[in-house]
There are 2 protein chains.
Amino acid sequence: MTRKQLHLNAFLMGVGHHEAAWRHPRTDATRVLDVAHFQDLARLAERGKLDSVFFADNLATGPRVRNNAPAIFEPITLLTAMAAVTSRVGLIATASTGYNEPFNLARKFTSLDHISGGRAGWNIVTSGGVDEAANFGYDEVPDHAGRYDRAAEFVDVATALWSSWDENALVLDEESGIFADSDKVNTIDHRGPRFSVRGPLNSPRSVQGRPLLVQAGSSASGKDFAAQYAEAVFTAQRTLTEGQDFYRDLKSRLRRFGRAPDDLKVLPGIVPYLADTEADAVGLEAEFTDLISPEYSLRQLSWMLGTDLSGHSLDSPLPPLPPIEQIRGNKSRYQLVKNLAETEELTVRQLIGLLGGGRGHRTFAGTPEQLADELELWFDGGAADGFNIMPPYLPGGLDIFVDQVVPILQQRGLFRTEYTGTTLRGHYGLPALPSRTTSLKG
Amino acid sequence: MTRKQLHLNAFLMGVGHHEAAWRHPRTDATRVLDVAHFQDLARLAERGKLDSVFFADNLATGPRVRNNAPAIFEPITLLTAMAAVTSRVGLIATASTGYNEPFNLARKFTSLDHISGGRAGWNIVTSGGVDEAANFGYDEVPDHAGRYDRAAEFVDVATALWSSWDENALVLDEESGIFADSDKVNTIDHRGPRFSVRGPLNSPRSVQGRPLLVQAGSSASGKDFAAQYAEAVFTAQRTLTEGQDFYRDLKSRLRRFGRAPDDLKVLPGIVPYLADTEADAVGLEAEFTDLISPEYSLRQLSWMLGTDLSGHSLDSPLPPLPPIEQIRGNKSRYQLVKNLAETEELTVRQLIGLLGGGRGHRTFAGTPEQLADELELWFDGGAADGFNIMPPYLPGGLDIFVDQVVPILQQRGLFRTEYTGTTLRGHYGLPALPSRTTSLKG
């Protein structure tokens, strides 16, 4: 019997996830603006047979640009440029249900899906930042539950639009002049509390039916939303036990929505510092930690915790924090950081060092073999269907993962040695959806 | 003294502008869904040293898909894929001020501008279709003046966002840890009747400062909008006299906004049928006309004129039309078609044949030499700063233009033989804007 295989996503960010990555000699800071850098990363991920690459997003920037790059590129656009130089690796873009129109967003993802030959994925976010709200006419962030209601209706509309052309709607009969069978291109006539959208979409179905749906929220409503809609979940779990609990909890919620446990893949994040010896890997991580700007980190921490920490002593524990109900933004991130500081009794300086690599995601320093062991442990231990690999510096941190960790996983039968399909949904082993059947000569 | 040179834009559409292009043996209909087709067209335009390529857009489709392709790809996404395989040709995407948020759209265009190295352009449309309105929660199209007011505020916000990073804001000083000079990354604090946007944008200035602004409306408010904002105008003028009148009128409006006549380039559209003899070119046009589906054409004509023509006799003149004040959509298109039918006393069948090639744009059938003569006549006659070339079939119709017309224009000193710059604004000879000065090592 073939061993069940895990899934790998490369979570990309500028020249690395570590907040000071751009200052380290292993990176070239100018590449944050260079599309060729991102195209190289896509080729690299494809060389490693990874399921996908992924970009987070943020619809605002602020004083933090003093010390680190904002989200310079809009993800769908950037991934389109990466699609042009690859043919297999999946392309997952974050986009907001809070500040877009469903028709526009469905159409952009369909464009990426057609351009990439069925490799598009959508990481659904509700946009909880007050900075973001201010760029879209709001003085305050809409409340948490309202954001998820809007997200659900948004995804319902998008999904209906993606199904508005039947599989065989495209006819292209030059003789009769019939381009499409208009009985198979249908309005969706959605009239909901937040959106009214008639449809149809301008565009035939993609070869994967529709983009892969991804989600990353870990609050209770985030998990329910994921259980109803998501096909992959990116999560931040720091210990095996936490990972197992989250995995079991999320999978158990699927039944309620008539879905099987395998219809959703759980991918915890990990920030790997890799070297030939564990000591060298730990030393490498320390080099990055030393480059952290406390000023920047306090600003980031203030943002995560909804609490102004400027001027707070680095060598004291955190001050008392507001209750989670008062947090308007990312509640999962808040809970994670608060738990971390409290359970491990950290000073602010220690907390900053721990968060610098991956904003709360698990960091790991060791050899490629040790990392493979760790991934296998989580995978076999029921804490993961795969992993969200977050290289602390780029491209080097992805390079070493692809060249030295992937082969070990392949030798152990844990990871594909060749792509077996061409679509993102196919890579993740998800059930096929109705997709375009019109035979195209091209 | 060097001869003043004209500008050339390739207006691309599926496998050609002629509504039945996809049925003609010179095209392959399956390529409407094939990104490689569009990438080939971009390479072809670049081989011809054209200033730019351009896509129109429509945020809806309807029963017309029975006989012709809708706007399958979202233009910014498609042009990004085309940017990836070219390095010089400009990339102009249509996008709506009616159904987008300024922050999102400004950001997407900046993404394309960074990805392409300063080759992005935005054709600003207000979206007048009732089908489009129905995809964005409206039962009716917002009125004409309101749409232009919104467009003006939208462009003001976008332009402010594009200037929110000073030229030298990006520092990238690895030693001190200063990524950007936050004093040079500023909020815009826009609070207007329709939008409140704090800014700044997430992204440094592009190498051309900001995308080129393009416009195509020819109503009085359209012309005023163009005179205030546009740097290139695509227009549909059928005779030299009309072209001269429009050119003079539009240029005369610039002064009011403190702009010089050369700050805006006027590019009339032309649909060229080219062959080695005039008779063959006329025969080629007739082949396309013969493929027109009257059913489809009546539907298109009904849409342009805001009047249901289904069942109307093809061999009678148009029925009485509603006055222009009652037209909710594209008023310029309505006026053009109405004038054409009345002044040339056409039957509906004749009108359909005339419109089939370019929806009201001028068609031309002749030899490459004759076309070059015609372009030179308009250019020297004060009717054009350049031309919007609308090949009736693709890629062949662009191929013959690039291979046989461009060399004649070059020999006459009317068109560049090599690109002299790298940005779209540079190609159009527009004054330089403040642009990113940070020297990037990459």
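Here the structure is a predicted model, which is why all the values come from computation and not from measurement.

As for the overall build of chain A
Along chain A, the regular secondary structure elements total 14 helices and 13 strands. In terms of C-alpha radius of gyration, chain A reaches 22 Å, essentially the compact-globule figure of 22 Å for 442 residues. Expressed as lengths along the three principal axes of its C-alpha atoms, the size of chain A is roughly 75 × 50 × 45 Å. Across the 442 residues of chain A, 63% fall into the buried class. Long-range pairs, those at least 24 residues apart, make up 77% of the contacts in chain A with a sequence separation of at least 6. Here chain A displays about 15,500 Å² of accessible surface, and carbon together with sulfur accounts for 49% of that area. Within chain A, the 55 negative side-chain charges are centred at a point lying 3 Å from the centre of the 44 positive side-chain charges.

Section: helix 11 (residues 348-356) of chain B
Quick reminder: α-helices carry 3.6 residues per turn. Residues three or four places apart thus point the same way. Listed as buried for helix 11 of chain B are Val348(B), Leu351(B), Ile352(B), Gly353(B), Leu355(B) and Gly356(B). Elements in contact with the buried residues of helix 11 of chain B: helix 8 (278-290), helix 9 (294-305) and helix 10 (331-343) of chain B.

With respect to the interface of chain A and chain B
Contact residues are listed per partner, giving 76 residues for chain A and 76 residues for chain B. For the pair chain A and chain B, the two sides together bury roughly 6,500 Å², of which 59% comes from carbon and sulfur. When the buried surface of chain A facing chain B is broken down by residue, Leu33(A), Arg107(A) and Phe179(A) rank first, second and third, together holding 11% of it. Run the count over chain A and chain B and you get eight salt bridges. Between Arg191(B) and Asp139(A) there is a salt bridge, and its shortest N-O distance comes to 2.9 Å. For the side of chain A that touches chain B, the elements supplying multiple residues, two or more each, are helix 1 (35-47), helix 2 (75-83), helix 3 (102-116), strand 5 (170-173), strand 6 (178-180) and strand 8 (196-197) of chain A. Among the elements that make up the side of chain A that touches chain B, the one with the highest residue count is helix 3 of chain A (eight residues).

With respect to the relation of the copies chain A and chain B
Overlaying chain A with chain B gives an RMSD of 0.0 Å, the required rotation being 180 degrees about an axis along which the chain moves by 0.0 Å. Given the turn and translation reported, the copies of this chain are related as if by a two-fold rotation axis. In this assembly the copies share their binding face: 100% of the residues contributing to the interface of chain A also contribute to that of chain B.

Let's talk about helix 12 (residues 368-380) of chain A
Residues and elements named next belong to chain A. Taking 1.5 Å per residue, 13 residues should reach 18 Å; helix 12 reaches 18 Å between its end C-alpha atoms and fits that length. Of all the residues in helix 12, the buried ones are Pro 368, Leu 371, Ala 372, Leu 375, Trp 378 and Phe 379. Along the axis of helix 12, the buried residues cluster in a sector spanning 130 degrees; they form a single face. Next to the buried residues of helix 12 lie helix 7 (240-254), strand 11 (265-274), strand 12 (362-366), strand 13 (386-389) and helix 13 (396-411). Just downstream of helix 12, Gly 382 is the residue with a positive phi angle, here 70 degrees.

What to know about the pattern of salt bridges
Considering all chains together, one arrives at 64 salt bridges over all chains under this definition. A salt bridge links Glu376(A) to Arg3(A); its shortest N-O distance comes to 3.2 Å. Taken together, the residues span a long stretch of sequence, with Glu376(A) in helix 12 and Arg3(A) in the segment before strand 1 (7-12) at a distance of 373 residues. Between Glu295(B) and Arg299(B) there is a salt bridge, with the nearest N and O atoms lying 2.9 Å from each other.

Remarks on the packing of helix 9 (residues 294-305) of chain A against helix 10 (residues 331-343) of chain A
Residue and element names in this part refer to chain A. Between helix 9 and helix 10, the least distance of the axes is 8 Å, while the angle of their chain directions is 115 degrees. Listed contacts from helix 10 to Leu 301, Met 304 and Leu 305 of helix 9 are Arg 333, Tyr 334, Val 337 and Lys 338. Looking at the contact of helix 9 with helix 10 residue by residue, the class counts come to five nonpolar, no polar and two charged.

What to know about the packing of aromatic side chains
Geometrically, a pair of aromatic rings is defined through the distance of the ring centres and the angle of the planes. One pass over the full model with this rule turns up 32 aromatic pairs over all chains. When the centroid spacing of 4.5 Å and the interplanar angle of 5 degrees are considered together, the rings of Tyr99(A) and Phe136(A) count as stacked. Placement of the pair is Tyr99(A) in the loop between strand 3 (90-96) and helix 3 and Phe136(A) in the loop between helix 4 (130-133) and helix 5 (144-162), with a sequence separation of 37 residues. Each member of the pair, Tyr99(A) as well as Phe136(A), carries the same accessibility label: buried. Counting every residue linked through ring pairs, the aromatic cluster contains Phe109(A), Trp122(A), Phe154(A), Trp162(A) and Phe195(A). One residue, Arg362(B), lies across the ring of Trp378(B), its end atom 3.8 Å from the ring centre.

As for the side chain of Asn58(B)
Along the chain, the position of Asn58(B) falls in the loop between strand 2 (52-55) and helix 2 (75-83). When near neighbours in sequence (up to four residues on either side) are disregarded, Asn58(B) contacts Arg107(A), Asn202(A), Arg64(B), Ala71(B) and Glu132(B).

So, the pairing of strand 1 (residues 7-12) of chain B
All names here are of chain B. Most of strand 1 sits inside the fold, with six of its six residues counted as buried. On strand 1, burial covers both faces: His 7, Asn 9 and Phe 11 on one face and Leu 8, Ala 10 and Leu 12 on the other are all buried. As paired strands, strand 1 and strand 13 (residues 386-389) are joined by four bridges and run parallel to one another. In the sheet register, His 7 faces strand 13, and the bridge partner there is Gly 386. For strand 1 and strand 2, the ladder comprises four bridges, and the chain directions are parallel. Paired with Asn 9 across the two strands is Ser 52, which belongs to strand 2. The parallel pair strand 1 and strand 2, bridged by helix 1 (residues 35-47), forms a crossover whose chirality is right-handed.

Here's the deal with the pairing of strand 3 of chain A
Residues and elements named next belong to chain A. Within strand 3, seven of the seven residues are buried, which leaves it mostly tucked inside the rest of the structure. Side chains of strand 3 alternate between two faces, with Gly 90, Ile 92, Thr 94 and Ser 96 and Leu 91, Ala 93 and Ala 95 buried alike. In this sheet, strand 3 lies alongside strand 2 (residues 52-55) in parallel orientation, the contact comprising four bridges. Among the inter-strand pairings, Phe 54 is bridged to a residue of strand 3, identified as Ile 92.

Considering the packing of helix 6 (residues 220-229) of chain A against helix 7 of chain A
All names here are of chain A. Where helix 6 meets helix 7, the axes come as close as 8 Å, and the angle between the chain directions of the two elements is 55 degrees. Viewed along their axes, helix 6 and helix 7 adopt a mutual orientation that is oblique. When you trace helix 6 past helix 7, the crossing you get is right-handed. Between helix 6, through Ala 220, Lys 223, Asp 224, Ala 226 and Ala 227, and helix 7, the contact on the second element is made entirely by Phe 246, Asp 249, Leu 250, Arg 253 and Leu 254. Grouping the constituent residues of the contact of helix 6 with helix 7 by class yields six nonpolar, no polar and four charged.

So, unusual backbone geometry
Here the bond from Leu394(A) into Pro395(A) is cis, since omega is 0 degrees, no more than 30 degrees from zero. Mapped onto the elements, Pro395(A) comes out in the loop between strand 13 and helix 13. At the junction of Gly199(B) and Pro200(B), the peptide bond is cis and its omega measures out at -5 degrees in the coordinates. Mapping Pro200(B) onto the fold places it in the loop between strand 8 (196-197) and strand 9 (212-215). The backbone of Lys49(A) sits at a positive phi, close to 60 degrees, despite the residue not being glycine. Within the element layout of this structure, Lys49(A) appears in the loop between helix 1 and strand 2. Here the phi dihedral of Ser127(B) falls at roughly 65 degrees; this positive angle occurs in a residue that is not glycine. By secondary structure assignment, the location of Ser127(B) is in the loop between strand 4 (120-125) and helix 4 (130-133).

Parameters and conventions
Residues numbered from 1 in each chain as written. Chains lettered and ligands numbered in written order. Predicted model: local features only at pLDDT ≥ 70, side-chain atom pairs only at ≥ 80, totals over all residues. Heavy atoms only, no water. Helix = DSSP H or I, 4+ residues; strand = E, 2+ residues; numbered from the N terminus. Rg over C-alpha atoms; globule rule 2.2 N^0.38 Å. Buried < 20%, exposed > 50% of the residue type's maximum accessible area, 1.4 Å probe, protein only. Contact = heavy atoms within 4.5 Å. Areas by Shrake-Rupley, 256 points an atom, 1.4 Å probe, with all protein chains shown as cover. Lys, Arg positive; Asp, Glu negative; His and termini not counted. Charge placed at Lys NZ, Arg CZ, Asp CG, Glu CD. Buried area = accessible area lost by both parts, 1.4 Å probe. Salt bridge = Lys/Arg side-chain N within 4 Å of Asp/Glu carboxyl O. Least-squares fit on C-alpha atoms with pLDDT ≥ 70 in both. Expected span 1.5 Å × (residues − 1). Arc of directions from axis to C-beta. Axes fitted to C-alpha atoms, helices over the stretch in contact; angles between N-to-C directions. Nonpolar A, V, L, I, M, F, W, Y, C, P; charged D, E, K, R; others polar. Phe/Tyr/Trp six-rings, centres within 6.5 Å; stacked < 30°, edge-to-face > 60°. Lys NZ or Arg CZ within 6 Å of the ring centre and 35° of its normal. Pairing = 2+ DSSP bridges. Right-handed = clockwise from strand over helix to strand, strands pointing away. Parallel < 35°, antiparallel > 145°, perpendicular 65-115°, else oblique. Left-handed = near helix turned anticlockwise from the far one by under 90°.

Any functional reading would require information that these geometric values do not contain.
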